[in-house]
Number of protein chains: 2
Amino acid sequence: MNPPRPIAVLGGTGPEGFGLALRWTQAGETVIIGSRDPKRAQDAAGKIKQRVGTNAKISGSENTAACAEADLIVLTIPFEGHAALLKQLKPALRPGSIVIDATVPLAASVGGRATRTLGLWQGSAAQETAELLPREISVVAAFQNVGAELLNADGPIDCDVIVCSDDPAALQLTRALAAKIPGVRAIDGGKLENARILEQITALLISLNIRHKAHTGIRITGLPNA
Amino acid sequence: MNPPRPIAVLGGTGPEGFGLALRWTQAGETVIIGSRDPKRAQDAAGKIKQRVGTNAKISGSENTAACAEADLIVLTIPFEGHAALLKQLKPALRPGSIVIDATVPLAASVGGRATRTLGLWQGSAAQETAELLPREISVVAAFQNVGAELLNADGPIDCDVIVCSDDPAALQLTRALAAKIPGVRAIDGGKLENARILEQITALLISLNIRHKAHTGIRITGLPNA
C-alpha cells in the first residue's frame, strides 16, 4: 500500500474508537478520527499525537469528510446513531471501500440495559450496515469484544478479535489490522451473518464486567496454529 | 452431601451427555445416565464403568426413572426433543431439584444448520425450561460451550463454563460441579436470561470448528482471581 491507506475511525472521540485510533496510530498507521463535530475530532487527534509522539500520523475531521479521505472506515458509534450516519455517509464512500463495523445494538440505545441487545430484523448491526450501503462496499464485523478500557490502557490486550465478512479479501485485511494491536489474535469467523453472535458476546462481557468488576475479553481455545 | 447427591444426565447416551457423565464419574460423583431406551442407557453406563474402573458409581435408566432418583438433572438432549421431554419429566421431578440445561436450539433441530440458532420466544432453551417447569425447580444454564470431543478425550479441558441462573444457590452448586472437570473454570454469568448468549456462542464455536478443523472452546480474559 503506497501511499498508505488511511483508516477513518468514525465515532473516534468515544472511548472505543479513541482506543482503536490510538492503537493503530501507535502501530504507524495513518488514522483520521471522525466525529459529528470537527473540533472534537481534532482535539481527540491532538491527544493521541501527544501520547504517541510527533511522528504520529493522526488527524481529525467531520465524519463524512473523514470518510471521503479513507478507504478503510471503522464504525465505533452508539447504535442509536448507526442507521442515520450510514445514510449520511453513503454519498461520500468511495467504491471499493471497506466498512468495518464494531457497533453493538445494546438495549441501552433505547433506554434499556447495556447487558442486553436489541433484536434487529437483519440479524445484526453489521448486516444492517450491509443492507444500507451499496453492494460495492465491503462490510466487515469486528472489534465488538475488545473493551475500550483495555484499548486505552498501555500494554498488550488479552483478547481475540473474531472477524466476519462475506468478502474474503476485506476479512483478511481486517485481520491484519486487528493483529497490529499488541496481544490481539485475529480469527476468521466466517460470514457476516455470524456478526450477530459477536454483538451478543459484547453484552455478556459487559454483564461480566459489572458482576466481577473487571475488564473482560474472550479467547477462543483449541484453534490450530494459535 | 451425605448420601451423595446423584446426578442424572438425560440424553447421556449422546456424545455431550456421555462426556459429562464420564468426567463426573471420574471425579467420584454418583451418575445416572438417562435415555429414552433403558438398555442404551445401561450400555453407556457400562462403557463408562469400563473406562473409569470398577469403583465407578455409574448406572443407566430410562429418562423419567433417572430423573426420579436424582436431585441434580442435567439436560443434554437435542433441542427437537427438549419441550416434550420436559413435559414428560414434570411429574417425576422432586421439589427442590435443580435442572441444569445444556441444550442449544440449533437450527439443525429443524433441518437447518448447526452454525445457526433458532429464535425462541422465551429467549433461550434454558428459559423455555424454566417456563415449562414448576417454580420450585431451579433452572441453571451451563455446559453449552464445552465440546463433546474434548469431554470424551483424556486430559484437562481448555474452556470456561459460564453458569447462569436466577437461583444463586443452584448457580454456585453448578459451578462446583463444573469445576470437577479438570481444566474447566466455572464463571458466575448472572441471571438465566443470559443463557441466550451462551447458546449462541455454541453456534459460533461449531462454525469455527468447521472452518478451522478444530475443537474450540472459550476463555473469558481479565477476570480477577482467575
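Residues numbered from 1 in each chain as written. Chains lettered and ligands numbered in written order. Predicted model: local features only at pLDDT ≥ 70, side-chain atom pairs only at ≥ 80, totals over all residues. Heavy atoms only, no water.

S.K.: Help me out: how do you make sense of the overall build of chain A in this one?
M.R.: For chain A, the count of helices and strands is eight helices and nine strands. In terms of overall dimensions, chain A has C-alpha extents of about 40 × 40 × 40 Å along its principal axes. The buried share among the 226 residues of chain A stands at 56%. Considering only intrachain contacts with a sequence separation of at least 6, the fraction spanning at least 24 residues in chain A is 74%. (Helix = DSSP H or I, 4+ residues; strand = E, 2+ residues; numbered from the N terminus. Buried < 20%, exposed > 50% of the residue type's maximum accessible area, 1.4 Å probe, protein only. Contact = heavy atoms within 4.5 Å.)

S.K.: In this structure, what is going on with the relation of the copies chain B and chain A? I would like to understand it.
M.R.: One copy of the chain maps onto the other through a rotation about an axis plus a displacement along that axis. By a simple turn and slide, chain B fits onto chain A: the slide is 0.0 Å along the axis, the RMSD is 0.0 Å, and the turn is 180°. Such a turn and shift between the copies fits a two-fold axis. Among all residues of chain B, the minimum C-alpha distance to the rotation axis is found for Arg219(B), at 2.5 Å. (Least-squares fit on C-alpha atoms with pLDDT ≥ 70 in both.)

S.K.: Any chance you could explain the pairing of strand E7 (residues 160-165) of chain A here in plain terms?
M.R.: Each regular strand carries side chains that alternate between the two faces of the sheet. All names here are of chain A. In terms of burial, E7 is a largely internal element, six of the six residues being buried. The alternating pattern of E7 places Asp160, Ile162 and Cys164 on one face and Val161, Val163 and Ser165 on the opposite face, and all of these are buried. Bridging between strand E6 (residues 138-141) and E7 involves two bridges; their strand directions are antiparallel. Note that in E7 the partner of valine 140 across the bridge is serine 165. As judged from the four bridges shared by E7 and strand E8 (residues 185-188), these two strands associate in the parallel manner. Bridge pairing links isoleucine 162 to isoleucine 187 in E8. Taken together, E7, helix H7 (residues 168-179) and E8 constitute a β-α-β crossover, and its handedness is right-handed. (Pairing = 2+ DSSP bridges. Right-handed = clockwise from strand over helix to strand, strands pointing away.)

S.K.: What is the right way to read unusual backbone geometry from this model?
M.R.: The phi torsion of most residues other than glycine is negative, and most of the peptide bonds are trans. Residues and elements named next belong to chain B. For phenylalanine 143, which is not a glycine, the phi torsion comes out positive at approximately 75°. Following the sequence through the fold, phenylalanine 143 ends up in the loop between strand E6 (138-141) and helix H6 (148-152). The phi dihedral of lysine 213 falls on the positive side, at around 45°, and the residue is not glycine. Inspection of the secondary structure assignment puts lysine 213 in the loop between helix H8 (195-212) and strand E9 (217-221). Given the relative accessible area of 75%, lysine 213 is considered exposed.

S.K.: How should the interface of chain B and chain A be read in this particular structure?
M.R.: Many authors give the size of an interface as the accessible area that is lost as the parts come together. Taken together, the 35 residues of chain B in the interface contact 35 residues of chain A. Taken over both partners, the interface formed by chain B and chain A buries close to 2700 Å², and the fraction arising from carbon and sulfur atoms is 60%. Looking at the side of chain B facing chain A, the largest losses of area belong to Ile197(B), Leu204(B) and Thr221(B), adding up to 22% of the total buried there. Counting every contact that joins chain B to chain A gives four salt bridges. The partner of Asp188(B) in a salt bridge is Arg211(A), and the shortest N-O contact between them spans 3.6 Å. Taken together, chain B and chain A are joined by 11 residue pairs in polar contact (both at pLDDT 80 or more). Looking at the side of chain B that touches chain A, the elements that each hand over two or more residues are strand E8 (185-188), H8 and E9 of chain B. Top element by residues in the side of chain B that touches chain A is H8(B). It accounts for 12 residues. The residue inventory of the side of chain B that touches chain A, partitioned by class, reads 14 nonpolar, 12 polar and nine charged. (Buried area = accessible area lost by both parts, 1.4 Å probe. Salt bridge = Lys/Arg side-chain N within 4 Å of Asp/Glu carboxyl O. Polar contact = N/O pair within 3.5 Å; in protein donor to acceptor, adjacent residues only side chain to side chain. Nonpolar A, V, L, I, M, F, W, Y, C, P; charged D, E, K, R; others polar.)

S.K.: Honestly, H8(B) in this entry has me stumped. Any pointers?
M.R.: Think of an α-helix as 3.6 residues a turn; residues three or four steps apart then line up on the same face. Helix length check: H8(B), at 18 residues, gives a terminal C-alpha distance of 26 Å against a target of 26 Å (1.5 Å per residue), a fit within 8%. Lys213(B) lies just past H8(B) and shows a positive phi near 45°. (Expected span 1.5 Å × (residues − 1).)

S.K.: How should I be thinking about the side chain of Asp160(A) in this particular structure?
M.R.: All names here are of chain A. Looking at where aspartate 160 falls in the secondary structure, it is placed in strand E7. A relative accessible area of 1% places aspartate 160 in the buried class. For aspartate 160, the residues in contact, after removing those within four places along its chain, are Arg185, Ile187, Ile218, Arg219 and Ile220.

S.K.: I tried to follow the sheet that holds strand E5 (residues 98-101) of chain B on my own but got confused; where do I start?
M.R.: Within a beta sheet, neighbouring strands are joined by backbone hydrogen bonds and run either parallel or antiparallel to one another. All names here are of chain B. Taken in spatial order, the eight strands make up an open sheet running E3-E2-E1-E4-E5-E6-E7-E8, and their pairing is mixed. The open sheet has two edge strands, strand E3 (58-62) and E8, and neither has a second partner. Neighbouring strand axes in the sheet, compared pairwise and without regard to direction, differ in orientation by 25° on average. Where strand E2 (residues 31-35) and E3 come together, five bridges link them in parallel fashion. Looking at the pairing, serine 35 lines up with glutamate 62 of E3. The sheet contacts of helix H7 (residues 168-178) involve strand E1 (7-10), strand E4 (72-75), E5, E6, strand E7 (160-165) and E8, and relative to E7 the element is tilted by about 160°. (Axes fitted to C-alpha atoms, helices over the stretch in contact; angles between N-to-C directions.)

S.K.: Honestly, the sheet that holds strand E4 (residues 72-75) of chain A in this entry has me stumped. Any pointers?
M.R.: Residue and element names in this part refer to chain A. Strand order across the open sheet formed by eight strands is E3-E2-E1-E4-E5-E6-E7-E8, with mixed pairing between neighbours. Strand pairing shows two members of the sheet lacking a second neighbour, strand E3 (58-62) and E8, which therefore form its edges. Taking the axes of each pair of neighbouring strands and ignoring which way they run, one obtains an average angle of 25° across the sheet. Relative to E6, strand E5 (residues 98-101) runs parallel, the two sharing four bridges. Looking at the pairing, isoleucine 100 lines up with valine 140 of E6. Along the sheet, helix H4 (residues 82-89) makes contact with strand E1 (7-10), E3, E4 and E5, crossing E4 at roughly 160°.

S.K.: When you look at helix H4 (residues 82-89) of chain B in this model, what are you seeing that I'm missing?
M.R.: Residue and element names in this part refer to chain B. Regarding H4, the residues found buried are His82, Leu85, Leu86 and Leu89. The arc enclosing the buried residues of H4, seen along the axis, measures out at 100°, which places them on a common side. Relative to its buried face, H4 has exposed residues pointing more than 90 degrees away, namely Ala84 and Lys87. Packing partners of the buried residues in H4 comprise E1, helix H3 (63-69), E4, E5 and helix H5 (125-132). (Arc of directions from axis to C-beta.)

S.K.: Before we go on, may I ask you to explain the packing of aromatic side chains in this structure?
M.R.: Two aromatic rings are characterised by how far apart their centres lie and by the angle between their planes. Residue and element names in this part refer to chain A. All chains considered together, the criterion is met by two aromatic pairs over all chains. Summarising the aromatic geometry, the rings of tryptophan 24 and phenylalanine 143 are spaced 5.3 Å apart at their centres and angled 80° between planes, so their arrangement reads as edge-to-face. Of this pair, tryptophan 24 sits in helix H1 (residues 15-26) while phenylalanine 143 sits in the loop between E6 and helix H6 (148-152), and the two are 119 residues apart along the sequence. Here the two residues tryptophan 24 and phenylalanine 143 agree in accessibility, since each one is buried. (Phe/Tyr/Trp six-rings, centres within 6.5 Å; stacked < 30°, edge-to-face > 60°.)

By themselves, these are just geometric observations and shouldn't be taken as functional.
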